Amino acid sequence: MDSSSLEPPLTAPYLSRTHIRRAVHGIILRVLLQGLAQHGDDTTTTNNGSQRLTKAQRKRVIQQSHLLEDIIYRRACSIEEYQNLSTLEQRVFNAGRAVYITSQ
């Protein structure tokens, strides 16, 4: 047994699309919960004060995160730009705005 077989496998230098999609999902979820709290929507509030989404809302958040992540992926000029987490939230908002405008 040589020493090279004992070394751990190299990790990918980039995040996968799944990681980015989860980050996009987190951003959308946070914005939705903030919006529901601002509007005083009591239908999603539990007894201890935390908020829960309905099944339809959860499904919609997942669909939106897939759509917006795909737009972000296609708009990126490079893998570095696509995976830049410091600008991800702004790119999610820009992609969401583009979807809203084209749906009008």
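This section reports on the structure supplied with the text. (Residues numbered from 1 in each chain as written. Predicted model: local features only at pLDDT ≥ 70, side-chain atom pairs only at ≥ 80, totals over all residues. Heavy atoms only, no water.)

## Here's the deal with the layout of surface pockets
Any empty space left between the atoms is revealed when a probe the size of a water molecule rolls over them. Empty space within the largest pocket amounts to approximately 400 Å³. Lining the largest pocket are 15 residues, with Ile28, Arg60, Gln64, Leu68 and Gly96 sitting closest to its centre. Counting residues per element, the ones that place at least two in the lining of the largest pocket are α1 (17-38), α2 (55-75) and α4 (88-103). The class makeup of the residues in the lining of the largest pocket is 11 nonpolar, three polar and one charged. (1 Å grid on protein atoms, 1.4 Å probe; cavity = no way out; pocket = protein on both sides within 12 Å on 5 of 7 lines; lining within 4 Å. Points joined across faces, edges and corners; volume = space filled by probe spheres on them. Helix = DSSP H or I, 4+ residues; strand = E, 2+ residues; numbered from the N terminus. Nonpolar A, V, L, I, M, F, W, Y, C, P; charged D, E, K, R; others polar.)

## Thoughts on the packing of α1 against α4
Contact geometry of α1 with α4 gives a least axis separation of 10 Å together with a crossing angle of 70°. As the angle between them shows, α1 and α4 are arranged roughly perpendicular. Residues Ile20, Ala23, Val24, Ile27, Ile28, Arg30 and Val31 of α1 form the contact with α4, whose participating residues are Leu88, Glu89, Val92 and Phe93. Among the residues making up the contact of α1 with α4, the classes are represented as nine nonpolar, no polar and two charged. (Axes fitted to C-alpha atoms, helices over the stretch in contact; angles between N-to-C directions. Parallel < 35°, antiparallel > 145°, perpendicular 65-115°, else oblique. Contact = heavy atoms within 4.5 Å.)

## Quick notes on the pattern of salt bridges
Opposite charge on two side chains lets them pair, provided their charged atoms get close. The full count for this structure, using the stated rule, is five salt bridges. Residues Arg17 and Asp70 are paired through a salt bridge, measuring 3.2 Å at the closest nitrogen-oxygen approach. Taken together, the residues Arg17 in helix α1 and Asp70 in helix α2 connect sequence positions 53 residues apart. A relative accessible area of 30% means that Arg17 is categorised as partly exposed. Residue Asp70 is classed as partly exposed on the basis of its relative accessible area of 23%. (Salt bridge = Lys/Arg side-chain N within 4 Å of Asp/Glu carboxyl O. Buried < 20%, exposed > 50% of the residue type's maximum accessible area, 1.4 Å probe, protein only.)

## Focus: the packing of α1 against α2
Where α1 contacts α2, the axes come no closer than 8 Å and their chain directions differ by 130°. In terms of orientation, α1 and α2 fall into the oblique class. α1 and α2 meet at a crossing whose hand is right-handed. Taking contact as the criterion, the partners of Arg17, Ile20, Arg21, Val24, His25, Ile28, Leu29, Leu32 and Leu36 in α1 are, on α2, Gln57, Val61, Ile62, Gln64, Ser65, His66, Leu68, Glu69, Asp70, Ile72 and Tyr73. Residue classes in the contact of α1 with α2 are distributed as 11 nonpolar, five polar and four charged. (Left-handed = near helix turned anticlockwise from the far one by under 90°.)

## Digging into the environment of Gly26
Locating Gly26 in the fold gives a position in helix α1. Residue class for Gly26 comes out partly exposed when judged on its relative accessible area of 34%. Between the C-alpha atom of Gly26 and that of Val61, which follows or precedes it by 35 residues, the distance is 9.3 Å.

## Topic: the nonpolar core
One finds Val24, Ile28, Leu68, Ile72, Leu88 and Val92 to be the most contacted residues of the largest nonpolar core, which totals 15 residues. Of all elements in the fold, only α1, α2 and α4 reach the threshold of two or more residues within this core. Here this core gets five residues from one element, more than from any other, and that element is α1. (Core = buried A, V, L, I, M, F, W, Y, C linked by side-chain atoms within 4.5 Å.)

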